[in-house]
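Structural overview
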Amino acid sequence: MHKTENSNQPVLYLAPLQGFTDFVYRKVYSEVFQLVDAFFIPYISVKNHEVLKKYRKEILPENNPQNRVVPQVLAADPDEMVFLAEYLADFGYTEINLNLGCPYPMVTKRGMGAGLLPHPGKIEKILAAFFKESPLNLSVKMRAGLVLPAEMEKVIPVLNQFPLTEVILHPRIAKQLYEGEIIESVFQRAYSNLQHRLVYNGDVNTVETYSNILLKFQQTNHFMLGRGILMNPFLPAEIKGFVLGEAEKKEKLAEFHKRMLEEYLAVMDNPGNALNKMKQFWVYFCRNFSEPEKCLKKIEKSGTLTKYHIAVTTIFRDHFN
Ligand SMILES: Cc1cc2nc3c(=O)[nH]c(=O)nc-3n(C[C@H](O)[C@H](O)[C@H](O)COP(=O)(O)O)c2cc1C
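Per chain, the residues get numbers from 1 upward, laid out in the order the sequence is written. Since the coordinates come from a predicted model, pLDDT governs what is reported: local features require at least 70, and pairs of side-chain atoms require 80 or more to be given and counted, while whole-chain, interface and lining totals use all residues. To get the side-chain values, all heavy atoms of the structure are used, and hydrogens and water are removed first.

Think of a salt bridge as a Lys or Arg side-chain nitrogen and an Asp or Glu carboxyl oxygen that are within 4 Å of each other. For the coordinates displayed, the defined rule picks out 21 salt bridges. Between R317 and D318 there is a salt bridge; the shortest N-O distance is 2.8 Å. Burial classes follow relative accessibility: with a 1.4 Å probe on protein chains only, a residue under 20% of its type's maximum area counts as buried, one over 50% as exposed, and anything between as partly exposed. Owing to a relative accessible area of 57%, R317 belongs among the exposed residues under this scheme. Here the salt bridges share partners, and the residues they tie into one network are K27, E31, K258, R259, E262 and E263.

Encoded structure:
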């Protein structure tokens, strides 16, 4: 791997993607590809005054050895926010992130995630309680709105009242889920009105998209990448101007895959569960190969680990360039 002349180094974050960027993924990814600057843990939340046991592994410091790891919370009210902040502070975290973007009705109907965006007053109460009670640093990850992009206009003045570390904006409304047009005017508005550092998130899947955004929003230096990294783990290296040869790429992909499988086999209850996790991993990982849909089908059809190994060997042999 060698560096090109482009020395304009952006700061790149790995987005939280529930079910994909779990502690295994974050750990293996950071060991094999070193160019992500911060890792966000998919959200945790409270149920019946407790944090569900399933979230513990995600949070444990030994599972999060990277330099900057930021856990994310979903909170419906000030009590939940303060509870979650204390829970995370007990694990030694110094920085957390509040989710104001999750679009799923199960979450938004409970007044969390993007469900808070039409209610700036509630957001204000949550933030006021947090900054009164917690010594932690806080950032916010948000969409433009639940139903209308204009919702953001009333949220920004609230965010400006508090000493947030930064605001990560995915310029879509919740109704769009993860597809459809990115609303660039929303990012522009936030850029003009927000007094915090603004981080761009959404559909940065190629160096070209990254460069286009940079052209439009020249002061933006912080980007959060999600599916782009899942589809192409070299994306941060490419954005930062590193050039890799095809042989080196193939070797790294093979190492990444091997380590992912080893780790899932080590941490899951049984090999079947590890196999299922790997099948999920391939939903995006297949994009590194020619005829990705065909590759994914081969993986999904593998009923046993032995068949899976055969499928993987065939794909690396026949579908990498
Ligand atoms: C399967 C899936 C799970 C996600 N889970 C979370 C999550 O736990 N917290 C969060 O803030 N965003 C979550 N997101 C949104 C991503 O973090 C990101 O904002 C979105 O995918 C847009 O960025 P991208 O186009 O770079 O992927 C999720 C998205 C997907 C597709």
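Below, the discussion takes up the site of the ligand. Close to the ligand lie 18 residues; P16, Q72, N201, D203 and R227 are nearest. One nitrogen or oxygen atom from the side chain of N201 is found 2.6 Å from an oxygen atom belonging to the ligand. In these tables, accessible area is a Shrake-Rupley quantity obtained with a 1.4 Å probe, and a residue counts as shielded only by the protein chains included in the view. Within the complex, 92% of the 610 Å² of free accessible area of the ligand lies under protein. In the scheme used here, Gly and all other residues not listed as nonpolar or charged are polar, with Ala, Val, Leu, Ile, Met, Phe, Trp, Tyr, Cys and Pro taken as nonpolar and Asp, Glu, Lys and Arg as charged. Among the residues making up the shell around the ligand, the classes are represented as eight nonpolar, seven polar and three charged. Working definition: residue near molecule or strand if any one of its non-hydrogen atoms lies within 4 Å of it. The term polar contact refers here to a pair of N or O atoms within 3.5 Å; inside protein, the definition further demands a hydrogen-donor-capable atom paired with an acceptor-capable atom, and it admits residues adjacent in sequence only when both atoms are side-chain atoms.

With that out of the way, let us pick up the nonpolar core. As used here, the term nonpolar core means buried Ala, Val, Leu, Ile, Met, Phe, Trp, Tyr and Cys residues forming a set that is joined through side-chain atoms within 4.5 Å. One finds L98, M142, L159, F256 and W282 to be the most contacted residues of the largest nonpolar core, which totals 116 residues. Examining the composition of this core, we find that seven residues originate from one element, helix α12 (residues 271-285), more than from any other. Both domain 1 (2-243) and domain 2 (246-318) contribute no fewer than three residues apiece to this core. It only takes one pair of heavy atoms within 4.5 Å for two residues to be counted as in contact. Excluding residues within four positions of it along the chain, L159 makes contact with I123, L127, V140, M142, L164, V167, L194 and H196. In this description a helix means any DSSP run of H or I spanning at least four residues, a strand means any run of E spanning at least two, and both kinds are numbered starting from the N terminus. Domains are outlined according to an automatic or database domain assignment.

The buried fraction of helix α1 (residues 23-32) amounts to nine of the 10 residues, a majority that puts the element mostly inside the structure. Listed in full, the buried residues belonging to α1 are F23, V24, Y25, R26, K27, V28, Y29, S30 and V32.

Let us look at the sheet that holds strand β9 (residues 167-173). If you walk around this closed barrel you meet the eight strands as β2-β3-β6-β7-β8-β9-β10-β11, and the pairing is parallel. When the angles between neighbouring strand axes are averaged without regard to direction, this sheet yields 30°. Only strands joined by at least two bridges in the DSSP assignment are considered to pair. Judged from the two bridges that link them, strand β2 (residues 11-14) and strand β3 (residues 38-44) form a sheet pairing that is parallel. Residue Y13 lies in a different strand from β3, and its bridge partner there is A38. α1 contacts β2 and β3 of the sheet and is inclined by roughly 175° relative to β3. The strands touched by helix α6 (residues 151-160) are β8 (137-145) and β9; relative to β8, the strand with the most contacts, the crossing angle is about 165°. To get an axis, a line is fitted to the C-alpha atoms, and for a helix only the part in contact is used. The angle between two axes follows their N-to-C directions and goes from 0 to 180 degrees.

What follows covers the pairing of strand β11 (residues 222-225). What you see with β11 is no split at all: H222 and M224 on one side and F223 and L225 on the other are buried throughout. Bridge count between strand β10 (residues 198-201) and β11: two bridges; the pairing is parallel. Looking at β11, one finds that Y200 is bridged to F223. Following the backbone out of β10, through helix α8 (residues 207-216) and into the adjacent parallel β11, one traces a crossover that is right-handed. For the handedness criterion, the strands are oriented away from the viewer, and a crossover whose path from the first strand over the helix to the second runs clockwise is classed as right-handed.

Looking now at the packing of helix α11 (residues 246-267) against helix α14 (residues 305-318). Look at α11 against α14: their axes get within 12 Å of each other, and the N-to-C directions meet at 170°. By the criterion of interaxial angle, the relationship of α11 to α14 is roughly antiparallel. The handedness of the crossing between α11 and α14 is right-handed. Only L305, Y308, H309, V312 and F316 of α14 make contact with α11, whose side of the interface consists of K250, L253, A254, H257, L261 and L265. A per-class count over the contact of α11 with α14 returns eight nonpolar, two polar and one charged. Here is the rule for angles: anything less than 35 degrees is roughly parallel, anything more than 145 is roughly antiparallel, 65 through 115 is roughly perpendicular, and the remaining ranges are oblique. Crossings are classed by handedness, with left-handed meaning an anticlockwise turn of the near helix from the far one by less than a right angle and right-handed meaning a clockwise turn.

Turning our attention to the side chain of R26. Considering the arrangement of structural elements, one finds R26 in helix α1. Only 2.9 Å separates the side chain of R26 from the side chain of E58, close enough to count as a polar contact. Residues contacting R26, with those up to four places away along its chain left out, are L14, T21, F39, F40, I41, P42, E58, N64 and Q66.

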